[in-house]
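# Structural overview for review
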Amino acid sequence: MAYNAYPADAAGTWQPLPSQYLPTPPSTLNFDPLSPLLFASSATGTVASYFCSPTTGLSGRYTSYRAHWGAVGEASVDNTGVLSVGGGGMNARPGKGGSVKMATRRGMALWSVETEPPAPLTTFAYTPARSSEIIATGPGSDLFMVNVNRGSIVRRQAPPAPLLHLRRSTQLVASTVTGSLVLLDTRTSELSVGESVLAHTGGISQVEAEGNYIVTIGYTMRQGLPLPDPYLKLHDTRFLRPLSPIPFPTPPALVRFHPRLSGNVVVASAEGRVQILDLKEVGKGSVFQVETPSYLTSMAISPTGEGLAFGDADGYVHLWSSQEDAKFCRFEGEVELPDTVEPPERINWREDTPLNSIGMPYYTSPLFSLLPASFDFTPSPTHHSRPVLDPAILSTVKTVDFVGYAPYPASARAAGRRNQVPAGKNGKRTVGLDAPMFRSDRERAEMKKKRDRVVSIAKLEQEEEEKADAQMPKHYRKVEIKYSRFGVEDFDFGFYNKTDYSGLETHITNSYTNSLLQALHYTGPVRTLAESHTFSACPKENCLLCEAGFLFRMLGDAKGMNCQASNFSRAFSASPQVSALGLIDHDGESATVAYASLIQTFNRYLLEQMTAESHVAGPNPSLIKGVPDSISRSPLAQLLRVEAKSVSVCQQCGVATSRDTSMSVIDIVYPRRAMSNELPPASDYPTILRNSIHRETIARMVCTACRQTNHLRIRRVLAETPLPPVLVINAGVRTSDELDIWVDGRQGAGKRFMQPRFSVGRNGDNVVVKGVDGGETTEGAITYELRAMVVQIQSDGDPPHLVALARVSSEEATPGGSWHLFNDFLVKPISEDEALSFPGSWKIPAVLFYERVDARELLDFSPLPLSGDPSILSEDITVSRNRDPALVKHQPLSADELPRKGTLISIDAEFVSLQQEEAEFHSDGTKKVIRPSRMTLARVSVLRGEGPETGIPFIDDHIHTSDTVVDYLTEFSGIRAGDLDPFASRHTLVPLKVAYKKLRILVDLGCVFIGHGLNKDFRIINIYIPPSQIIDTVNIYHLPHRQRKLSLRFLAWAVLHSAIQADTHDSIEDARTALQLYEEHNRLEAEGSWEDVLEEVYREGKQTNFKVPSLEPPPPPAREGPSPGIGALGPLPAQRSFGGGGSFRQPRSYNP
């Protein structure tokens, strides 16, 4: 699929070639220096090559092969072959890390080496001294030196800091995750670190080096947020000295050195602005624009410098050439093509054709399957004899297709459960929390218990729990979702949660954030602000504050039903800053990830991001009583941010200077270990917290008064403004000595380090922090109380994970009974002593949330919107650039049609797949799901369920998604490629947030949803609907004593005598059919024949195997008189287009 989107008069001498669409968006691009090929690597681990011509652009694909089990980090093409690094991360095989691979241009592997631990490899570079050795690494990975001639790891070394990029110049240049450049010396046996300089405060995204130049692109911190740096930073390789940066009108995103013009670089922005400039004479250069439908993600320059290739996020590759007779490679060789395979001679088969016309293999030696006569069948420790079966079993065996089947005897059932785990040492089991039965198996298990009079499963589980390890309660262990053939819906979440407070599921990406989201949910002021933000007209598509508010509302409404943060994870992963900060959890079960540190970094990023998103147009409302409206402080900043001043005192001249600063998170600073001749420093909780607020440090810098480089003592002092209602603290435990401070009993028997209540007061510029016992308070001080905390749990042999401990406001009246454990979807009430204790190293504190005890009297949320605006249901919103009015099948609600409580509406949704299901099949034919498929909403249709316009849709939205769709499921969804693309879709296309807001408004208004199989639809949409607002025809048309539930297509054929879903699915047709089935049910109920008709439907289904015959549906039975029933639909109007009539309102463009 190619398109030519560039104008004929492109600026400068550079001319565009036809762009080519690739099935998978390229993450890296490389020109072949010896062949007319362009290599494109992808985030799925594949490397593909395409024929590349300076006159016609890309043509056919030459080869494609899987290089790594995970994203390809970087690749290089030379005369030896294609060298690439990658692997690890989410798509890696369990227990495997990154890999380095050398392959031929045809895709055949020359050698491949894998690395440990399971961290992804993202970059590599040749060592300056030798061209036969490379150094490969990645965030969280060690440095690996690999010999490319032998394909073996020469040595391995821990990096001085987590590295993101490696580049070879006169020296080896590396970039760190903190935004610094480091010089590495490879001449010694161990890589040593030379000079270091901070290049970008927010992180580095691109590094290139040539000669004595180093150019970098990255992010800069502004108001606590990482934003794209508008400067191209330059450094001198010899002394790592910064040179004058080069500004750009749009922040640069990609950079490459020109291979033939020394000191020239090609710089491109994400929006497609490309500039070629000379670093010595910045004023000279050429500029042109790459017209991309999305944003650029990769760039390559040919070895001759006469060709450029750009890849964008939608999968298009844009080629540019510098002149008509340009050459992309210096020495163009021939591409080795595959041999032509001669087809076998066709045999004209007849009755008299001899059988020897078909060749058969001939063996001259015995096959291994022929066991020798001397084989010893005597039982041994490695060769067991065949077990003797019970004669009672053999007497009841029935043979079907050479396989014998027999019922499980009652005597064996009474002896114990099948597949029972044997006891370990001391009779204690070594496994974690027992897994529950699937819902589909529970009924059969109950029947077996009654029949065989065995001990109840619950009693056995209770006995096993009493034998559990006393050091760590079993409910703290990591829980996992097991998948049956019915999917995740068959998993019994109720086994883990018997409370009214909902947990969060773990089978989504970045589920490590569940604990922090739960802690924020039970921090009242933050929850209220986030929920109110969902009612505002927020224009940002991937707004984390909106998604957190939607999630908090769902957790509050679900009342103990399990929820998932899939929409929040999608919005969180969409930000490029998240990858730069290393916040993506690639594995989810890695034993090497320090989740306590990761969640603290995520906490700081999330609070800063949501603080910026909480700004409103105009003056920000004041949430603190008695404080006027603030123009600069956002609502969330008023709740969290601590205003302070940073005071610097020069040790030489004694002049003090100060600057205003603020912090949303207080990082705990632990005292250093005392020397042998020193008294141990105070290490109680109030003293450490006070020192962390002041955070006194000494730095060497230039004094503004004496203009000399001296040591300055820097100390933080609280401003005169009131302290915030919520105080967030990062525990920052990094060493065993710091963890020992938190362990119970260190300060005496029965004493704890952490204080659940403390007061903060002022004594001049000094902060006074005191612990508060019971209701005791200090006069003039502000008292804070612990509301929630996030801790890391790690027992011996288990991977670490995070849990939340939170106080539930509705149970605070019960002394000590308000604390609950939120271990993902396991929710359990615990005592206050258990919540506040740190008995050993298996429990590590991470984030603490304190709230002022007078927060309810202090805060006023009335200026914020506390209810949704239903007028969005009357708006026609679309982001599609080419919507076809003839395909518009919905008519938005008018002002007098807005629904009220109890209004009937019919709904159906279609979905596409973002990730295929991963499963393994056992030798007995059983299937085990390892990772379920990941779906996303692609289309939702909502129809009027009552009134004169019954059956007319008022919502029919296709959902725009920026994620890669692996399967459109067209047969079941009706969605085709291009339907979800704003530049190609002819339908009404909206962001997911807009569609979600519409459904959320309908839920809040009290509408009753009618549909077929709605539970799964609402689960994927990630919205909770109270059962009282759901009428599901799959449950209405179901007999309790029958296990089978009937499909919508079969019910339409058997009950409504109509044929639907003939070629593909249509959500309007399915929603309308469900509405008709509901009306038919009401009519049959009024007639008193409902049960008889349903029995007849099941009898017909049994005859046809519940499949719709290819014949025409039977005619409906004749009825006399008017059709009884409440609001009977009768024949619904045919689908009609509202695109050309005069009543059609022009769509409002949604531009986030």
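Residues numbered from 1 in each chain as written. Predicted model: local features only at pLDDT ≥ 70, side-chain atom pairs only at ≥ 80, totals over all residues. Heavy atoms only, no water.

## Observations concerning the overall build of the chain
Cut-off, in case you're wondering: Numbering of helices and strands runs from the N terminus, with a helix taken as a DSSP run of H or I at least four residues long and a strand as a DSSP run of E at least two residues long. Residues are treated as being in contact if the distance between any of their heavy atoms lies within 4.5 Å. Reported accessibility uses the Shrake-Rupley method at a 1.4 Å probe radius. Residues are deemed covered only where the shown protein chains occlude them.
Assigned secondary structure in the chain consists of 22 helices and 57 strands. A sequence separation of at least 24 residues applies to 59% of the contacts in the chain between residues at least 6 apart. In the form shown here, the chain has an accessible surface area of approximately 57,000 Å², with 52% of it arising from carbon and sulfur atoms.

## Comments concerning the pairing of strand β45 (residues 819-823)
Two faces, one strand: in a regular strand the side chains alternate between the faces of the sheet. Operational definition: Relative accessibility decides the category of a residue: with a 1.4 Å probe and only protein chains considered, values under 20% of the type maximum give buried, values over 50% give exposed, and everything between is partly exposed. In this analysis, strands are considered paired if DSSP registers two or more bridges between them.
In terms of burial, β45 is largely enclosed, as five of its five residues are buried. Here β45 shows two buried faces, one formed by Trp819, Leu821 and Asn823 and the other by His820 and Phe822. Examined bridge by bridge, strand β44 (residues 801-807) and β45 share four bridges and lie antiparallel to one another. Across the sheet, residue Ala804 finds its bridge partner in β45, namely Phe822. As judged from the four bridges shared by β45 and strand β46 (residues 826-829), these two strands associate in the antiparallel manner. Following the sheet pairing, Leu821 is matched in β46 by Lys828. From the end of β45 to the start of β46, which pair antiparallel, there are two residues, and Asp824 there has a positive phi angle of about 60°.

## Concerning the packing of helix α7 (residues 544-558) against helix α10 (residues 595-613)
For the record, the criterion: With axes taken as lines fitted to C-alpha atoms, and helix axes fitted only over the stretch in contact, angles between N-to-C directions fall between 0 and 180 degrees. When describing relative orientation, an angle under 35 degrees is termed roughly parallel and one over 145 degrees roughly antiparallel, while 65 to 115 degrees is termed roughly perpendicular and anything else oblique. Under this grouping Gly is polar, as are all residues other than the nonpolar Ala, Val, Leu, Ile, Met, Phe, Trp, Tyr, Cys and Pro and the charged Asp, Glu, Lys and Arg.
Direction vectors running N to C along α7 and α10 enclose 100°, while the axes themselves pass 8 Å from each other. As the angle between them shows, α7 and α10 are arranged roughly perpendicular. In contact with Leu544, Leu545 and Ala548 of α7, α10 contributes Tyr605, Leu606, Gln609, Met610 and Glu613. Of the residues contributing to the contact of α7 with α10, the split by class is six nonpolar, one polar and one charged.

## Side note on a nonpolar patch on the surface
Put simply, the rule is: What goes into a patch is any residue over 30% in relative accessible area without a salt bridge, connected to like charges within 9 Å or, for nonpolar side chains (Val, Leu, Ile, Met, Phe, Trp, Tyr), within 5 Å. Put simply, a salt bridge is a Lys or Arg side-chain nitrogen that is within 4 Å of an Asp or Glu carboxyl oxygen.
A cluster of nonpolar side chains, Ile347, Trp349, Leu355 and Ile358, forms an exposed patch at the surface whose accessible area comes to about 440 Å². Within the fold, Ile358 resides in the loop between β32 (316-321) and α1 (391-394). Of the residues examined, Ile358 reaches a relative accessible area of 43% and is grouped as partly exposed.

## Notes on the pairing of strand β8 (residues 72-77)
Examined bridge by bridge, β8 and strand β9 (residues 82-87) share five bridges and lie antiparallel to one another. By the bridge assignment for β9, Val77 is matched with Val82. Hairpin geometry of β8 and β9 is characterised by an intervening segment of four residues between the two adjacent antiparallel strands.

## Comments concerning the sheet that holds strand β35 (residues 642-650)
Spatially, four strands are ordered β36-β35-β39-β38 in an open sheet, and the strand pairing comes out antiparallel. Of all the strands in the sheet, the pair left with one neighbour each is β36 (656-663) and β38 (697-702). In this sheet, neighbouring strand axes are inclined to one another by 35° on average, regardless of whether the strands run parallel or antiparallel. Two elements, β35 and strand β39 (residues 709-718), share seven bridges in a ladder whose sense is antiparallel. When the sheet's bridge partners are listed, Val649 is paired in β39 with Arg713.

## Considerations on the pattern of salt bridges
Following the criterion strictly, the structure yields 36 salt bridges and no others. Between Arg1000 and Asp1004 there is a salt bridge; the shortest N-O distance is 3.1 Å. Highlighted residues: Arg1000 and Asp1004, both in helix α17 (residues 992-1004), separated by four residues, approximately one helical turn. Here Arg1000 falls in the buried class, since its relative accessible area comes to 3%. Residue Asp1004 is classed as partly exposed on the basis of its relative accessible area, which comes to 36%. A salt bridge links Glu1087 to Arg1083, with the shortest nitrogen-to-oxygen separation between them at 2.5 Å. You can see Glu1087 and its partner Arg1083 sitting in helix α21 (residues 1067-1087), four residues apart, about one turn around the helix.

## Side note on the confidence of the model for the chain
The line we're drawing: Across the chain, each position has a pLDDT score giving the predictor's confidence in that residue, from 0 to 100.
Residues of the chain with pLDDT of at least 70 account for 84%, and the chain-wide mean is 82. Confidence drops under pLDDT 50 across residues 419-434; counting only partners more than four residues distant or on other chains, this segment forms 19 contacts.

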